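# Residue-level structural notes
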Amino acid sequence: SISNLPEKNGVWLNTGTLMYPISAPYHDGDWKNTGESLYIAGMSQANAAIKAQWDEDNLYLHFDVRDRKITSAADGSAVWESDGVEVYIDPYKTGLDKLTTGLYKIAVNINGDVLAGKTDGSVWRDWITDIVPVVTRPNIVNYVIDLALPWAEIGGKPAANDMAVHLKLHNNDGSAVFHENLSG
């Protein structure tokens, strides 16, 4: 049931796929041979396959998005109103129990616009970063966003298995903006 919404109480079902942590091999720049990927889809017609790699300096994320209606919002619109992706990073899993200092978020749209923030206690603050996304459009129904996130900018390189990431796909289909989420 849902608190404070008595008209919507009842049995709620959700169908999904159990997702295991993404395996991120050492960075070689070859995304085709990076075996595992995570998949975001569900609310809109767009979907994304996400892969990760790392090296001593960076965490690399590769978003391969299939979208039959790639949309760029009007100039001056919020970053998430255009199609794109968003990444929330907890480099030491400190936020699993509470929102705390040391969490990071980076939103990137198909225009290459970036909106970044980091937490200071329980408050998100603007974060000025030098992270430059690479956005490509191989055809009319796909776009790719590649991010190289320097460990130094996201709290340092964590120990193995000691990092939590929340991924989001923003899809503007004209009549609605969908925010599809995947934690892991």
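Attention here is on the structure that accompanies the text.

## Comments concerning the environment of Asn161
Structurally, Asn161 can be placed in the loop between β9 (142–150) and β10 (164–172). When the C-alpha positions of Asn161 and Ser23 are compared, they lie 9.7 Å apart, and in sequence the two are 138 residues distant.

## Thoughts on the pairing of strand β5 (residues 104–109)
Burial within β5 is extensive, with 5 of its 6 residues counted as buried. Across 5 bridges, the pairing between β5 and strand β6 (residues 114–120) is antiparallel. Residue pairing for β6: Lys105 is matched across the bridge by Gly117. The turn linking β5 back onto β6 is made up of 4 residues, and Gly112 within it adopts a positive phi angle of 85°.

## Some thoughts on the nonpolar core
Ranked by size, the top nonpolar core spans 31 residues in total, and within it Phe63, Val87, Ile106, Leu147, Leu149, Leu167 and Leu169 carry the most contacts. For this core, the secondary structure elements donating two or more residues are β1 (38–40), β2 (47–54), β3 (58–66), β4 (84–90), β5, β9 and β10. Ignoring any residue separated from it by four or fewer positions in sequence, one finds Leu169 in contact with Ile40, Ala46, Asn47, Ala48, Val65, Gly84, Val85, Tyr143, Phe178, His179 and Glu180.

## Remarks on the side chain of His62
Mapped onto the fold, His62 is located in strand β3. The exposure class of His62 is buried, given its relative accessible area of 12%. Side chain to side chain, His62 and Asp146 meet in a polar contact 2.5 Å long.

## Quick notes on the pattern of salt bridges
Oppositely charged side chains can form a pair if their charged atoms are brought close together. The final tally for this structure, using the stated rule, is 2 salt bridges. In this structure, Lys157 and Glu56 form a salt bridge, with 3.1 Å as the shortest nitrogen-oxygen distance. Residue Lys157 is located in the loop between β9 and β10, and its partner Glu56 is located in the loop between β2 and β3; the two are separated by 101 residues in the primary sequence. Ionic pairing is found between Asp120 and Arg125, a salt bridge with its closest N-O pair at 3.6 Å.

## Concerning the sheet that holds β9
On the basis of which strands lie adjacent, the open sheet formed by 5 strands has the order β1-β2-β3-β9-β8 and antiparallel pairing. Edge strands, defined here as strands with exactly one partner in the open sheet, are β1 and β8 (134–139). Across the sheet, the mean angle separating the axes of adjacent strands is 20° when strand polarity is ignored. Where β1 meets β2, 3 bridges bridge the pair, whose relative direction is antiparallel. For Tyr39, the partnering residue across the bridge sits in β2 and is Ala49.

## Structural notes on the packing of aromatic side chains
Enumeration over the complete set of coordinates arrives at 3 aromatic pairs. When the centroid spacing of 4.9 Å and the interplanar angle of 80° are considered together, the rings of Tyr26 and Trp54 count as edge-to-face. In this pair, Tyr26 is assigned in the segment before β1 and Trp54 in strand β2, connecting sequence segments 28 residues apart. On the basis of an interplanar angle of 75° and a centroid distance of 6.0 Å, the ring pair of Tyr88 and Trp124 is categorised as edge-to-face. Of this pair, Tyr88 sits in strand β4 while Trp124 sits in strand β7 (residues 123–126); the two residues are 36 residues apart in sequence, bridging distant segments of the chain. When its relative accessible area of 31% is taken as the criterion, Trp124 is described as partly exposed.

Calculation notes
Residues numbered from 1 in each chain as written. Predicted model: local features only at pLDDT ≥ 70, side-chain atom pairs only at ≥ 80, totals over all residues. Heavy atoms only, no water. Helix = DSSP H or I, 4+ residues; strand = E, 2+ residues; numbered from the N terminus. Buried < 20%, exposed > 50% of the residue type's maximum accessible area, 1.4 Å probe, protein only. Pairing = 2+ DSSP bridges. Core = buried A, V, L, I, M, F, W, Y, C linked by side-chain atoms within 4.5 Å. Contact = heavy atoms within 4.5 Å. Polar contact = N/O pair within 3.5 Å; in protein donor to acceptor, adjacent residues only side chain to side chain. Salt bridge = Lys/Arg side-chain N within 4 Å of Asp/Glu carboxyl O. Axes fitted to C-alpha atoms, helices over the stretch in contact; angles between N-to-C directions. Phe/Tyr/Trp six-rings, centres within 6.5 Å; stacked < 30°, edge-to-face > 60°.

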